[in-house]
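Here's the letter readout for the chains.
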Amino acid sequence: MRVLAQDLKFGIRTLVENPVFTLVSVLALAIGVGANSAIFSVIDAVLLRPLPYYESHRLVKIWERQPQLARGSVAFANFRDWKDQNHVFEEVAAYQTGDYNLTSGDEPEQIQGVAVSSNLFTLLHAQPSSGNTFLPGQENQGSSSDVILSHDLWANRFGSDPSLIGKAINIDNKNYVVVGVMPDKFYFPGKQFQLWLPLSINPNSPMAGRGMHYLQAIGRLKPEVSLEQAKAEMDAIGGRLEQQYPRDNSGHGVNVFSLQEDSAAGIRSSLLMIQFVVGFVLLIACANVANLLLARATARQKEIALRSALGASRTRIVRQLLTESILLSLLGGTLGLALAAIGIRLLVTLSPGGIPRIEESALNGSVVAFTFLTALATGIVFGLAPALQISKPDINELLKAGSARGSTSAASNRLRKLFVVIEVALSLVLLIGAGLMIKSFVKLVSVSPGFNVENILTGSITLPNSKYKGSQRAVFLQQVLERLQTDPRVIAAGAVSHLPLAGNGPSFNFDIQGRPATIPGQEFKAQLRATSPDYFRAIGIPLLEGRQLTVQDSSSSPNVVIINDVMAQRYWPNESALDKEISIDKDDKGSPIWRRIIGVVRGVRHTSLELQPEAQMYTPYTQFSMPYITLVLHTKTAALDLTADVRHAVSAVDRDQPISNTRTMEQVVSESTAPRRFNMVLLSLFAGSALFLASIGIYGVISYLVTQRTREIGIRSALGARRFDILKLVISQGMALALIGAGIGLAASFALTRTVSSLLFSVSTTDPLIFLEVTGLLLGVALLACYLPARRATKVNPMIALRCE
Amino acid sequence: MNVQAEPLIRLKDVKKVFYTDEVETHALSDIHLEIRNGEYVSIAGPSGCGKSTLLSILGLLDAPTDGSYWLNGQPVSELSLSESARIRNREVGFVFQSFNLIGDLTVYENVELPLTYRGMKSAERKERVTEALEKVGVAHRKNHLPSHLSGGQQQRVAVARAVAGRPNILLADEPTGNLDSSNGEAVMELLRELHRDGATICTVTHDPRFAQHADRIINLFDGRLIEESASRPDR
């Protein structure tokens, strides 16, 4: 213990006596450790920390596997069969998320809520902070009117009124009795959902069948059942249902995932990729510090030789040196923790919506432990090689009186050069990764979505079924649009049920008049959107053939539909689609309702900018209404200036009707690319740090070598070497290392960039231009890092050759 | 001996002052010196008298603070760094006390080094290097690193490097300072041989025995040239 204290004391003194060395090393380590800790805190919050439910490891998400879709929504009848036939779950519950209009209070507000089967809270083992949860079987009553509120909704909207339990509030123009309020930290399935209603499904309606897929399902495994067992049994049940109901279930099965894994399924690979990247940054930082230690070791050779001469064993010397490097790494870790705190805040701010629990990222015990363990391991990793290297001094040679300064062994120089090669190789891998992501992103944002994005304001309305049915929706919409169209700042006002790039909309199977009925699995299918007549003009989707919808296309006129060019070419490849008839639904007697194609518009990218336009069809709201409306206004002035006017127009028609998510189309497009932008920014940031560290590494080593070769440079100058000769000498030495590193980095990049192929858009993982440009950039920075010490070398006075006499 | 009328080196009123903090050190004062082609001159004097400073000015490693210097009829006291390097490479050959061979290069590469700065073709370099190594008697060690040679052999290699470029003048700064007496004697004999073959040589030495090898001895004291004398005829 006394020896350790001695080592620590000496280590601290050594670090204090070398402030520049200490500062540079601590900074490099802090960047590496801090980046790792920040990313780890996100991974901890999103992937590792158990979900806040009782024995959450037993919770699973159950999806209906559909052709080309691993996570498909569930049909009610299938859910009911899963529930009845399984032996692996303690409980299985279904739920459906949606938007609800809350009109109790001053301002109507659209909030997100969940219709849940009554056993959901039992399944989660969740108790309300006041009141009760739902009674068993409540969802089967078909007209249940109880509601449970989140703590936030209760506090913010109802002022934490304790007497609210038992009172009615108005949701979607219907009174619901508040039966419970959930505790402060409770959420399900996400934090944005603020109320829970019983899932009311009429067993005789089509919603209870196997053809309508709209539910999500969750289960709690029995204590003795493993996830694999559950998967096997649900697979068997899925297979049986497929055989029993081929018309609806052909190609369908069941997928079971742990709830924790499922909740972060979309972000998991990105986060792990980023963690991998920051691991690289840390390695580069380690190589840098190891190099600095090696350089300093030369200056300390005499001291080490003296210690050896005085009887210190090699182990004792290595321990002393390791104590110093660990001390250094702990300092780096401490500063890294501070950088991580800033980094976490940045990550949370920059993160795109939809990363579950990212806001819980914090410097908690796990992150602090991770940081210090990383720092400790780092200290050993970068300290060991130099310590072993200099713990074998040639005592006799070094202690000779005339030995003015230490000489560096060839092994030490090789090690130092090896570190530089590694740094360059790792940096190049990261830079190429970042380059590919940047090029991907640039290509993505330059893709034309197929519509206009400038000066367009959008806002969402969900009309409650309880208040607006069928033609009432179209009337409401018509009145709102009429008001907006009178505004001189509005060029065109339209509406669509599902806005492009703002989330998935429904796809419908359809029949074509005169063609035989399709067989299961090979149906005609297209995305369906309900629109107002002026929607295409407002958003700038050009009409290619036929005519636009008009106000004359009413509920009493013949049914019409507009399709896009993708659908036209797919289903009528050699003829015009105009005047053909399709059916997407049936009347009360089960006969198909035929809709005549009156126009063909250009296809737009609906699901995402990455995906080509799919087959799309547009019906007028008057003939196929949906409760979802997104107003689309093409304006003459800045679109957001009209936000209040849109609210007034809606409220003038129905004062209880809220409008939400008011944003420009530019924001919609930008939000649709946010996850990709997030990955790109992070990777670029870390690749930039890697480049910075690597350039410091190259600079440090070359600078050191110049110092070491000062006399040689003096001799060369004395023999007639010109400035150019000296520059060439020094730069070629550094660039040789950079070139070897770049060669290794290029080979590694060819192998590793394949792993990010899923994150790229329209760019090959071996894009030659990116490989070339990024390698050029790296070599350019390396050249600069070599040039600075080389320039210093040219200033070496040739007299040095004589002065050393 | 081929002594011509036009001096190879001419110094006029050369001064060298070093400034450190507030101290002004006059290393050389009012130096007038001429060295003719084919001469063998020895600069002698006690330690700190300015011998090496004078030699470094002669070799264009340093510039005088004041005064003029003509080398081969050309004024060279105010040259740019790169012009100095060019002239140094072509006109001057150096032999240093501690050999100053580059440890990472072989004997051959060390001798070849100044020729590479001249942009000389490889075949010609090879011829010159071989000739120089043979002249000093270490051709058989051409592929060795300097660390594998004795001190005497290393200094021979240094002499070979100095003469390979066929300079107009060979400057030797205490060439025997790091050698034992027999090796020292051998190196001085080598310089004498070169001189007999026509080389112009200027050495710095504080050893009177070796100073006697020269045609002329220049004595320095406190940076001033105090005496010029012809060496003993029995050298």
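Residues numbered from 1 in each chain as written. Chains lettered and ligands numbered in written order. Predicted model: local features only at pLDDT ≥ 70, side-chain atom pairs only at ≥ 80, totals over all residues. Heavy atoms only, no water.

**Thoughts on the sheet that holds strand S5 (residues 74-75) of chain B**
Residue and element names in this part refer to chain B.
Thought 1: Overall, antiparallel pairing links the four strands, which are arranged S2-S1-S4-S5 in an open sheet. Only two strands of the sheet have a single partner each, and these edge strands are strand S2 (23-36) and S5.
Thought 2: As judged from the five bridges shared by strand S1 (residues 7-20) and strand S4 (residues 66-71), these two strands associate in the antiparallel manner. What sits directly across from Arg10, in S4, is Trp70.
Thought 3: Contacting S1, S2 and S4, helix H1 (residues 51-58) crosses the sheet at an angle of about 125 degrees to S1. (Pairing = 2+ DSSP bridges. Helix = DSSP H or I, 4+ residues; strand = E, 2+ residues; numbered from the N terminus. Contact = heavy atoms within 4.5 Å. Axes fitted to C-alpha atoms, helices over the stretch in contact; angles between N-to-C directions.)

**Some remarks on unusual backbone geometry**
Thought 1: Of note, the bond from Phe188 of chain A into Pro189 of chain A is cis; its omega dihedral lies within 30 degrees of zero at -10 degrees.
Thought 2: Position of Pro189 of chain A relative to the elements: it lies in the loop between strand S9 (174-181) and strand S10 (193-198).
Thought 3: Although it is not a glycine, Leu501 of chain A adopts a positive phi angle of roughly 60 degrees.
Thought 4: Its location among the elements puts Leu501 of chain A in the loop between strand S14 (490-496) and strand S15 (507-512).
Thought 5: Its identity is not glycine, yet Asp30 of chain B carries a phi of approximately 45 degrees, on the positive side.
Thought 6: Relative to the helices and strands, Asp30 of chain B is located in strand S2.

**Comments concerning the domain arrangement of chain A**
Size of an interface: often given as the accessible area lost when the parts come together.
Thought 1: Each assigned domain of chain A is listed here: domain 1 (2-45 + 267-444 + 675-803), domain 2 (68-251) and domain 3 (464-656).
Thought 2: A straight line from the C-alpha centre of domain 1 of chain A to that of domain 2 of chain A covers 53 Å. (Domains from an automatic or database assignment.)

**Side note on the packing of aromatic side chains**
Thought 1: With the rule as written, the count across this model stands at 21 aromatic pairs over all chains.
Thought 2: Measuring from ring centre to ring centre gives 6.2 Å for Tyr53 of chain A and Tyr187 of chain A, while their planes differ by 65 degrees; the resulting arrangement is edge-to-face. Taken as a pair, Tyr53 of chain A in the loop between helix H2 (19-48) and strand S1 (59-66) and Tyr187 of chain A in the loop between S9 and S10 lie far apart in primary sequence, 134 residues in all. Neither residue differs from the other here; Tyr53 of chain A and Tyr187 of chain A are each classed as buried.
Thought 3: Members of the aromatic cluster, joined through ring pairs, are Tyr53, Tyr95, Phe121, Phe134, Phe186, Tyr187, Phe188 and Trp196 of chain A.
Thought 4: Residue placement shows Arg71 of chain A over the ring face of Phe257 of chain A; its charged tip is 3.9 Å from the ring centre.
Thought 5: A cation sits over an aromatic face here: Arg10 of chain B above Trp70 of chain B, 4.3 Å from the ring centre. (Phe/Tyr/Trp six-rings, centres within 6.5 Å; stacked < 30°, edge-to-face > 60°. Buried < 20%, exposed > 50% of the residue type's maximum accessible area, 1.4 Å probe, protein only. Lys NZ or Arg CZ within 6 Å of the ring centre and 35° of its normal.)

**Some remarks on the nonpolar core**
In summary, soluble globular proteins display a tendency toward joint burial of nonpolar side chains.
Residue and element names in this part refer to chain A.
Thought 1: Core analysis: the largest hydrophobic core is formed by 102 residues, its most contacted members being Val46 and Phe686.
Thought 2: Per-element accounting of this core gives the leading share, 17 residues, to helix H9 (residues 268-299).
Thought 3: Excluding residues that lie within four positions of it along the chain, Val46 makes contacts with Ala264, Ile267, Leu271, Ile355, Pro356, Arg357 and Ile358.
Thought 4: Of all hydrophobic cores here, the second largest spans 43 residues; its members include Ile563, Ile582, Met617 and Ile629. (Core = buried A, V, L, I, M, F, W, Y, C linked by side-chain atoms within 4.5 Å.)

**Regarding the pairing of strand S21 (residues 616-620) of chain A**
Residue and element names in this part refer to chain A.
Thought 1: Along S21, five of the five residues are buried, which leaves the element largely enclosed by surrounding structure.
Thought 2: Residues Gln616, Tyr618 and Pro620 line one face of S21 and the alternating positions Met617 and Thr619 line the opposite face, and both faces are buried.
Thought 3: As judged from the five bridges shared by strand S16 (residues 524-531) and S21, these two strands associate in the parallel manner. Pairing of Leu528 across the sheet is with Met617, part of S21.
Thought 4: With two bridges joining them, strand S18 (residues 560-564) and S21 adopt antiparallel strand pairing. Paired with Ile563 across the bridge in S21 is Met617.

**A few points about the interface of chain A and chain B**
Thought 1: At the junction of the two partners, chain A supplies 18 residues and chain B supplies 19 residues.
Thought 2: Counting the surface lost from both chain A and chain B, the interface buries some 1,800 Å², and carbon and sulfur atoms represent 61% of this.
Thought 3: Taken together, the links from chain A to chain B amount to zero salt bridges.
Thought 4: Of all the secondary structure elements, the ones that give two or more residues to the side of chain A that touches chain B are helix H21 (710-718) and helix H24 (800-803) of chain A.
Thought 5: Its residues placed into classes, the side of chain A that touches chain B shows nine nonpolar, three polar and six charged. (Buried area = accessible area lost by both parts, 1.4 Å probe. Salt bridge = Lys/Arg side-chain N within 4 Å of Asp/Glu carboxyl O. Nonpolar A, V, L, I, M, F, W, Y, C, P; charged D, E, K, R; others polar.)

**As for the environment of Gly514 of chain A**
Residue and element names in this part refer to chain A.
Thought 1: Within the element layout of this structure, Gly514 appears in the loop between S15 and S16.
Thought 2: For Gly514, a relative accessible area of 73% puts it in the exposed group.
Thought 3: Gly514 sits 66 residues away from Lys580 along the chain, and the two C-alpha atoms are 9.3 Å apart.

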